[in-house]
Amino acid sequence: MIRRTRLFLATLAVVGLAATACGGSSTNTESAPTTAAGATAPVGGGKAIETLRTAFYNDMQVPDPDIFYEVEGNQVVQSTYEGLLRYKLGGTTDIEGLLAESYTVSPDGLTYTFKLRQGVKFVDGTPFDSAAAKFSFERRLKVDNAPAYMFADLDTMETPDASTFVVKLKKPVSAFLDYLACPYGPKMVSPALINANEKAGDAGQDWVRTHSAGTGPYAISEFTLGQRYVLKAVPAYWGTKPTVGTLEITIVPDASTQTLQLEGGDLDFLHGPPLATIEQFKGKAGFEVQTYPAFQKTQLKVNPNKPPFSDKALRQALRQAIDRDKLVPQVFGDIAKVSTQMLPAGMLPEGTAKDAYTFDISKLKALVDKLPADQKTLELGYGQFNVNDARLAEAISAQLKDAGLTVSVKPIPTAVVFDLRNTPDVAPNLLLETANPDASHPDTWARIFYSTGGFLNYLKGGVETADAEMDLGLAEIDTAKMQGHYAKASDLLFDDATFITLADVKAVYLVRKGLTGFGSTAAAPLSLNVSAVTGP
């Protein structure tokens, strides 16, 4: 969670970065196990592409699927590794089989039986089967890094035959299928490659830092920190052969430099351009602005542990004093919509978990007039380098000034943001954040950001009765009842007003005109499926 959100805050679709790319000596310039001779001729028109080029703002941590827990870098992991399940492309929450052709869940929600796809091979040519699936699950538990939380309630695994994999849980977990389908879910790794490159019982972690061991359409050919990553198409890929032969990713920390390289022909597509750049490229000859649904929400976290917002009535009045109908279009343009639910749009049925309120600054002004002078001066923090959140923070500050408050806006270094739970004395009164959950299941937002013990609940807000509803929802196997628990938790949190939701933000890309066939899932906001991309 730390690494995922750290880089998300630094690379969100509305940032302009001044950060320097991480340096390092981890380098791999070896060829992929099987050399990609170029792109496969596409079916149904368009031209195959020999090399497709894009850029990251920062280095990813490592391309190890059992360690990777960031946003920047999903492009690499999703291209080289595959799981048993996946979300369907197109921004839906629907789950479909990938390396599992089908699956069944027992009525009590404890036993998951997967029928595995036949003829799948890892990048080294070894076959994928139930033993490899079990090995991959065991490796995640052994590595025991951040994504391992998804297996907290895993009990046993069985391999009755080569094409059947059975997982049993200790108790029902309504999010389990989402765990398997999401970008950070367990990916299948080659037992042969991992075992051959294991050092001192490290489960091959050192080797996987610069290589890939998956079943995906691409393999890592070069991985040079601070410079570039190169992915080559796997000729023997089991699925539809990629139409892009090579995906080349360079590390370019500055958004302006990325834009210049796109205009100059050195890059083919970009994620996360600043809003000003998005407006500049609308209608620009030779380029397109493409937007995709994404689970990204901008919210204002209110500190209930220090005056004046230890008073719930003041928190509720604060919410009404923020004119988000005016601010969201002003700051985000058409890449975001005003929030209508406490959770990211699409996680719960429409009409539930509502966060509707009427703008009325008079209530806050009346309460502020009664405050002592020292409580009328506040600090509003936001993640450093986030240009749009900075603009939004300034706009909120201006609105609150009309209520009689003096609000200083302060960029906060990411490391400081993550330590706010441990350093409440330096926590601001208000914290603006745009973030994404791990998956499409409501627990992967509600528990992380809203529960009283949530790691990303930096200002320690929340309601214990809402925590209890989340627990009930996670253990509920009936979908409607599960959603009802999270909706009830959201209603309790809305009433408490420690979390003020503002906008749902789309994923935005700048793309060279004529490139078609990109795919996207809402749970991976900075990653596109490029294997089916064709050129004019």
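One numbering rule holds for all chains: residues counted from 1, following each sequence as written. At least 70 in pLDDT is required for a residue's local features to be given in this predicted model, at least 80 for side-chain atom pairs to be given and counted, and no such filter applies to totals for whole chains, interfaces and linings, which use all residues. Computation of side-chain values: all heavy atoms of the structure, hydrogens and water removed.

Q: Just checking my understanding: could you explain the packing of helix α9 (residues 312-320) against helix α16 (residues 479-496) for this structure?
A: The description of two packed helices rests on the angle between their axes and on the distance between the axes. Direction vectors running N to C along α9 and α16 enclose 95 degrees, while the axes themselves pass 8 Å from each other. Comparing their axes, α16 and α9 come out roughly perpendicular. Mapping the contact onto sequence places K312, R315, Q316 and R319 in α9 and F494, D495 and D496 in α16. Residue composition of the contact of α9 with α16, by class: 1 nonpolar, 1 polar and 5 charged. Axis definition: a line fitted to C-alpha atoms, limited for helices to the stretch in contact. Angles are taken between N-to-C directions and run from 0 to 180 degrees. Put simply, DSSP H or I for four residues or longer makes a helix, DSSP E for two residues or longer makes a strand, and each gets a number counted from the N terminus. We call two directions roughly parallel when the angle between them is under 35 degrees, roughly antiparallel when it is over 145, roughly perpendicular when it lies between 65 and 115, and oblique otherwise. We call two residues in contact when some of their heavy atoms are within 4.5 Å. Amino acid classes used here: Ala, Val, Leu, Ile, Met, Phe, Trp, Tyr, Cys and Pro are nonpolar; Asp, Glu, Lys and Arg are charged; the rest, including Gly, are polar.

Q: For this particular structure, what's the right way to read the sheet that holds strand β18 (residues 430-435)?
A: As a general point, the strands of a sheet are linked pairwise by backbone hydrogen bonds and lie either parallel or antiparallel. We treat two strands as partners when DSSP finds at least two bridges between them. Across the sheet, which stays open at both edges, the 6 strands sit in the order β15-β19-β14-β18-β16-β17 with mixed pairing between neighbours. What marks the edges here is a single partner per strand, and that holds for β15 (336-338) and β17 (406-412). Taken pair by pair, the neighbouring strands of this sheet meet at an average axis angle of 25 degrees, ignoring direction. Where strand β14 (residues 297-302) lies against strand β19 (residues 499-505), 5 bridges are found, and the strand directions are antiparallel. For K301, the partnering residue across the bridge sits in β19 and is F499.

Q: What am I meant to see in the packing of aromatic side chains here?
A: Each aromatic ring pair is characterised by the separation of its centres together with the angle its planes make. For Phe, Tyr and Trp, where Trp contributes only its six-membered ring, two rings pair if their centres lie within 6.5 Å, and the inter-plane angle classes them as stacked under 30 degrees, edge-to-face over 60, or tilted in between. Throughout the structure, instances matching the rule amount to 20 aromatic pairs. Taking the centre distance of 5.2 Å and the plane angle of 80 degrees together, the rings of F281 and F287 count as edge-to-face. Members of the aromatic cluster, each reached through a chain of ring pairs, are Y103, F114, F137, F151 and F165. Just above the ring of F281 sits the side chain of K284; from NZ or CZ to the centre is 5.5 Å. The criterion for a charge sitting over a ring is simple: Lys NZ or Arg CZ within 6 Å of the ring centre, and within 35 degrees of the ring normal.

Q: Could you clarify how one ought to interpret the pattern of salt bridges in this entry?
A: Side chains bearing opposite charge may pair, as long as their charged atoms lie close to each other. Salt bridge, as used here, is a side-chain nitrogen of Lys or Arg placed within 4 Å of a carboxyl oxygen of Asp or Glu. Inspection of every chain in the model, using the stated rule, returns 25 salt bridges. One salt bridge in this structure joins K488 and E469, with 3.7 Å as the shortest N-O distance. Taken together, the residues K488 in helix α16 and E469 in helix α15 (residues 464-475) connect sequence positions 19 residues apart. Take K488: its relative accessible area is 46%, and that puts it in the partly exposed class. Exposure classes here rest on a 1.4 Å probe applied to the protein chains alone. A residue is buried below 20% of its type maximum, exposed above 50%, and partly exposed in between.

Q: Just to check I follow, could you spell out the sheet that holds strand β8 (residues 164-169) for this structure?
A: Spatially, the 4 strands line up as an open sheet ordered β5-β6-β8-β7, and their pairing is antiparallel. Strand pairing shows two members of the sheet lacking a second neighbour, β5 (100-105) and β7 (154-161), which therefore form its edges. Here the average twist between neighbouring strands, direction ignored, is 20 degrees. Relative to β8, strand β6 (residues 111-116) is paired through 5 bridges, and the arrangement is antiparallel. Considered in β8, the bridge of Y112 is made with V167. Packing of helix α3 (residues 130-143) onto the sheet brings it into contact with β6, β7 and β8, and relative to β7 it is tilted by some 165 degrees.

Q: How do you make sense of the nonpolar core when you look at a structure like this?
A: Within soluble globular proteins, side chains that are nonpolar generally end up buried alongside one another. In this structure, L52, L84, F114, F128, F137, V167 and F518 are the most contacted members of the largest nonpolar core, which totals 110 residues. With residues up to four places along the chain from it excluded, the contact list for V167 reads L110, T111, Y112, F114, F137, L154, T156, M157 and F176. Counting residues in each nonpolar core, the second largest holds 39 residues, with I278, A321, F332 and L392 among its members. To define a nonpolar core, start from buried Ala, Val, Leu, Ile, Met, Phe, Trp, Tyr and Cys residues and group those joined through side-chain atoms within 4.5 Å.

Geometric descriptors of this kind do not, in isolation, establish any biological role.
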